[in-house]
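Take a look at the letters that make up each chain.
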Amino acid sequence: MVRKMLEGSQAVAQAVALCRPAVICAYPITPQTHIVAELADMVASGELKSVYVNADSEHSAASVCLGASATGVRTFTSTSSQGLLLMGEVLFNIAGMRLPVVLSCVNRAVSAPLNIWNDQQDSLSLRDSGTIQLYAENNQEAADLIYLAYRVAEDHRVLLPAMVCLDGYILSHAWEAVEIPTPKEVDAFLPPYSPLYKLDPEEPRTFGMYANPEVYTEARYMLQRAMEEAVTAIQEASHNFELIFSRPMPGILEEYRTEDATTVILGMGSLVSVAKDVADELRGQGEKVGVVKLVSYRPFPKEMVYEALKGASDVLVLEKGISLGSAGPLLLDVRSVLHGPHQPRVRGFVCGLGGRDVTRQTIKAALAEKELVDARFLDLKADLELEGMGQANRDRQPALARGARRKRAPRKEGINSA
Amino acid sequence: MKVTTGAVGLPGTSRQNKTGSWRINQRPHFLHIRCTACDLCALCCPEGCIYGNGRNTYYSDYEYCKGCGNCAAVCPVDDIEMEPEKGGLPEGVFVFYDEEEFRHMSTA
């Protein structure tokens, strides 16, 4: 184990190198580029014995990884934003063919308008692709989740692609002390990939065959079951990680000062660090505030989320993305496990879009909100005139649940069943 | 029957999948009167299931013919007619085989 000052991208690249993928294929995109540039350097210098393929698009990069993975070897790719969306079509195929491709997504806003800065709309938009999604709070986690991603993805109960998500710039371009394990330690944690099936000219096979209505449903059912198994696989791998690497691995989620918390802030990625600061500050003033960091967004760990939140009376979901026309996708997931009576009211906030900083004030504004909101945009600027709309926060968007609440008399009867 | 992880199987499933089961109410009838062996019908068949070697020898393999009518439409001498289906469509098949089942199907 060596402790090094590393840029987030370097930490991810070094973790990937320790997993020794046979094939790395990528197409550069900001803010992800440093990861594959670092890996390309290692390959060019002979330090890493991988085949590095430059693709002509992210669709091609993902396709190269699909094909390479089908030959039974470990693969890696990395992307951001539009690049991830372009990979989307292939990711569904990778998942359907049950290939454990690992990729990192350096989270960035999607166009239009064009924006290269951080939010999580890119990966959130691919939540239904059958790809495991793990979100890092800091650079240590970004690196550690790479080892975990390979181990879980290649688990025969799972066999799904896995994506490690790290916030663009906030993590990818920030320098932090990161513990990098020895190759021996990584090998102890991550066994060689042993494919269930592989492409081999001596024994030809076809992957992802045509499925007529008589079997397609079952194939999709198998994917859902694999995702459910992934929860167990992540738990087991996290436990094993902690034994081998002697540092915490919250592969599913992490609870921070939630023991007696009445208010819990839930989020993913780097904004959790700010939420923890707010919790510390408010705890100092006697308020019982805790934080839940969700690491595994897909699979969504229903039982663990329920257990972590059931004691609270108020849950705030902060997310850097939105399912336009509905609410924050994470809010919908969290509400889905807390819909009974006498359960905490779950409120949804959208923040940190396109690189707008999530500050303590952002989170305090959410805490001050009393309405049962689904997609309240935080930090909207009152001095901007929005064509055809006047000012942004003049018309506070009515919460879906507000109408529902009117019909149901007392709040404690359970307000989240709208 | 077994549904394999990742829908992986042995090659040759295109032959196993009898697309002739997709026909609805018409199929091509090769009249063998004016055929000049131009081969356009075979070239335009999306299923690649029209065969022939010389004038008035062309035929469609009804196990795979989907009844699209492209061959009749492109025939420059109107020597192919679409005629009502006479029944006896091949049965559709499942294509996720484990190896044992697949080999059995292949030899059946």
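1. Notes on the nonpolar core
Next, step 1: Of all hydrophobic cores here, the largest spans 128 residues; its most connected members are A:I146, A:A149 and A:V152.
Next, step 2: For this core, the element with the highest residue contribution is helix α6 (residues 139-154) of chain A, accounting for ten residues.
Next, step 3: Viewed by domain, this core spans two of them, domain 1 (2-245) and domain 2 (253-413) of chain A, each represented by three or more residues.
Next, step 4: With residues near it in sequence (within four places) discarded, A:A149 still touches A:V102, A:I132, A:L134, A:A162 and A:V164.
Next, step 5: Core analysis: the next-biggest nonpolar cluster, separate from the first, contains eight residues, B:C41, B:C45, B:Y58 and B:C71 among them.

2. A word on the pairing of strand β4 (residues 75-79) of chain A
Residue and element names in this part refer to chain A.
Next, step 1: Within β4, five of the five residues are buried, which leaves the element mostly enclosed by the surrounding structure.
Next, step 2: Neither face of β4 is open: one carries T75, T77 and T79, the other F76 and S78, and all of them are buried.
Next, step 3: The pairing of strand β2 (residues 23-26) with β4 spans two bridges and is classified as parallel. Residue pairing for β4: V23 is matched across the bridge by T75.
Next, step 4: Bridging between β4 and strand β5 (residues 102-107) involves four bridges; their strand directions are parallel. Note that in β5 the partner of T79 across the bridge is C105.
Next, step 5: On the question of chirality, the crossover connecting β4 to the parallel β5 by way of helix α4 (residues 81-96) is right-handed.

3. Quick notes on the packing of helix α1 (residues 8-19) of chain A against helix α2 (residues 33-44) of chain A
All names here are of chain A.
Next, step 1: At a closest axis distance of 8 Å, the pairing of α1 and α2 adopts a crossing angle of 45°. Taken as axis vectors, α1 and α2 run oblique relative to one another. Classified by chirality, the crossing of α2 by α1 is right-handed. In this structure, α1 contributes S9, Q10, V12, A13, V16 and A17 to the contact, and α2 contributes H34, I35, E38, L39 and M42.

4. Here's the deal with the domain arrangement of chain A
Residues and elements named next belong to chain A.
Next, step 1: With domains assigned, chain A is organised as domain 1 (2-245) and domain 2 (253-413).
Next, step 2: The C-alpha-based centres of domain 1 and domain 2 are spaced at 29 Å.
Next, step 3: Contacts between the two partners involve 27 residues from domain 1 and, on the opposite side, 21 residues from domain 2.
Next, step 4: Of all elements in the fold, only α5 (121-124), β6 (132-135), β7 (162-167) and α8 (213-245) reach the threshold of two or more residues within the side of domain 1 that touches domain 2.
Next, step 5: The biggest single contributor to the side of domain 1 that touches domain 2 is α8, with five residues.
Next, step 6: By residue class, the composition of the side of domain 1 that touches domain 2 is 14 nonpolar, eight polar and five charged.

Parameters and conventions
Residues numbered from 1 in each chain as written. Chains lettered and ligands numbered in written order. Predicted model: local features only at pLDDT ≥ 70, side-chain atom pairs only at ≥ 80, totals over all residues. Core = buried A, V, L, I, M, F, W, Y, C linked by C-beta atoms within 7 Å. Buried ≥ 20, exposed ≤ 12 C-beta atoms within 10 Å, placed from the backbone. Helix = DSSP H or I, 4+ residues; strand = E, 2+ residues; numbered from the N terminus. Domains from an automatic or database assignment. Contact = placed C-beta atoms within 7 Å. Pairing = 2+ DSSP bridges. Right-handed = clockwise from strand over helix to strand, strands pointing away. Axes fitted to C-alpha atoms, helices over the stretch in contact; angles between N-to-C directions. Parallel < 35°, antiparallel > 145°, perpendicular 65-115°, else oblique. Left-handed = near helix turned anticlockwise from the far one by under 90°. Nonpolar A, V, L, I, M, F, W, Y, C, P; charged D, E, K, R; others polar.

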